[in-house]
Amino acid sequence: GALAPATSADLAGAFAGRPPLVGFLSGCRTGQRPGAGEELSLAEGLVARGFRATLGWGRPVRDDHATLAAGIPYRALPTGQSLP
């Protein structure tokens, strides 16, 4: 539960391989570009570093909403459904 700031480079370094999906469904603004938009978001940065797909939020998110949203891909992916 403690804050541990990390960049896409930090997270990419933590994985020896690249998992097929990385999700930040309770991480506020992980899909939002910082500042004026020149920098990549955390989710975009991971894709640029070789991850096939990421899920993130462009805005702040409440924990209960994140929990509901997380259930959608976690129920769909094991059945062979695609992310879109």
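In what follows, the structure referred to is the one given above.
Residues take numbers from 1 onward in each chain, read along the sequence in its written order. Only residues with pLDDT of at least 70 are given local features in this predicted model, and only at 80 or more are side-chain atom pairs given and counted; all residues enter the totals for whole chains, interfaces and linings. No hydrogens and no water enter the side-chain calculation; it runs on all heavy atoms of the structure.

Draft legend 1. Spotlight on the layout of surface pockets. Roughly 230 Å³ of volume is contained in the largest pocket. Only protein atoms enter the 1 Å grid used here, on which a cavity is any set of points holding a 1.4 Å probe that cannot leave and a pocket is any open set flanked by protein within 12 Å on both sides along at least five of seven lines; residues with an atom within 4 Å of a point are listed as lining. What lines the largest pocket is a set of 13 residues, among which Arg 29, Thr 30, Gln 32, Ser 41 and Leu 42 lie closest to the centre. Grid points are joined across faces, edges and corners, and a volume is the space filled by probe spheres set on the points.

Draft legend 2. Quick look at the packing of aromatic side chains. Each Phe, Tyr or Trp ring (for Trp, its six-membered ring) is paired with any other whose centre lies within 6.5 Å, and the angle between the two planes then decides the class: stacked below 30 degrees, edge-to-face above 60, tilted in between. One pass over the structure, following the stated rule, counts 1 aromatic pair. Between the aromatic rings of Phe 15 and Phe 51, the centroid separation amounts to 5.7 Å while the plane-to-plane angle is 80°, which identifies the pairing as edge-to-face. A residue pair is termed long-range when its members are at least 10 positions apart, and Phe 15 in the loop between α1 (8–14) and β1 (22–23) and Phe 51 in the loop between α2 (42–48) and β2 (54–55) qualify at 36 residues. Exposure is judged per residue with a 1.4 Å probe applied to protein chains only, and the accessible area is read against the type maximum: over 50% gives exposed, under 20% gives buried, and values in between give partly exposed. Among the residues examined, Phe 15 registers a relative accessible area of 35% and is labelled partly exposed. Secondary structure counts use DSSP, requiring at least four H or I residues in a row for a helix and at least two E residues in a row for a strand, with both numbered from the N terminus.

Draft legend 3. Structural detail: helix α3 (residues 63–76). Working rule for helices: expected span equals 1.5 Å times residues minus one. Its 14 residues give α3 an end-to-end C-alpha distance of 21 Å, which sits within 8% of 20 Å, the value for a rise of 1.5 Å per residue. Residues of α3 that are buried: Ala 66, Ala 70, Gly 71, Pro 73 and Ala 76. Contact definition: two residues touch when any of their heavy atoms are within 4.5 Å. Buried residues belonging to α3 abut β2.

Draft legend 4. Structural detail: the pattern of salt bridges. Salt bridges, as used here, are contacts in which a Lys or Arg side-chain nitrogen is within 4 Å of a carboxyl oxygen on Asp or Glu. Using the criterion set out here, one finds 2 salt bridges in the structure. In this structure, Arg 33 engages Glu 44 in a salt bridge whose closest nitrogen and oxygen atoms are separated by 2.9 Å. Here Arg 33, found in the loop between β1 and α2, pairs with Glu 44, found in helix α2; they are 11 residues apart in sequence, far enough to count as distant. On the basis of relative accessible area, Glu 44 is assigned to the partly exposed category, the value being 30%. In this structure, Arg 62 engages Asp 64 in a salt bridge whose closest nitrogen and oxygen atoms are separated by 2.5 Å.

Draft legend 5. Region of the structure containing the environment of Phe 24. With respect to the helices and strands, the residue Phe 24 is situated in the loop between β1 and α2. Taking C-alpha positions, Phe 24 is 20 Å from Gly 35, a pair spaced 11 residues apart along the chain.

Draft legend 6. Molecular detail of the side chain of Ser 41. Inspection of the secondary structure assignment puts Ser 41 in the loop between β1 and α2. In this structure Ser 41 comes out as buried when scored by relative accessible area, which is 2%.

Functional significance is not addressed by these values, which are geometric in nature.
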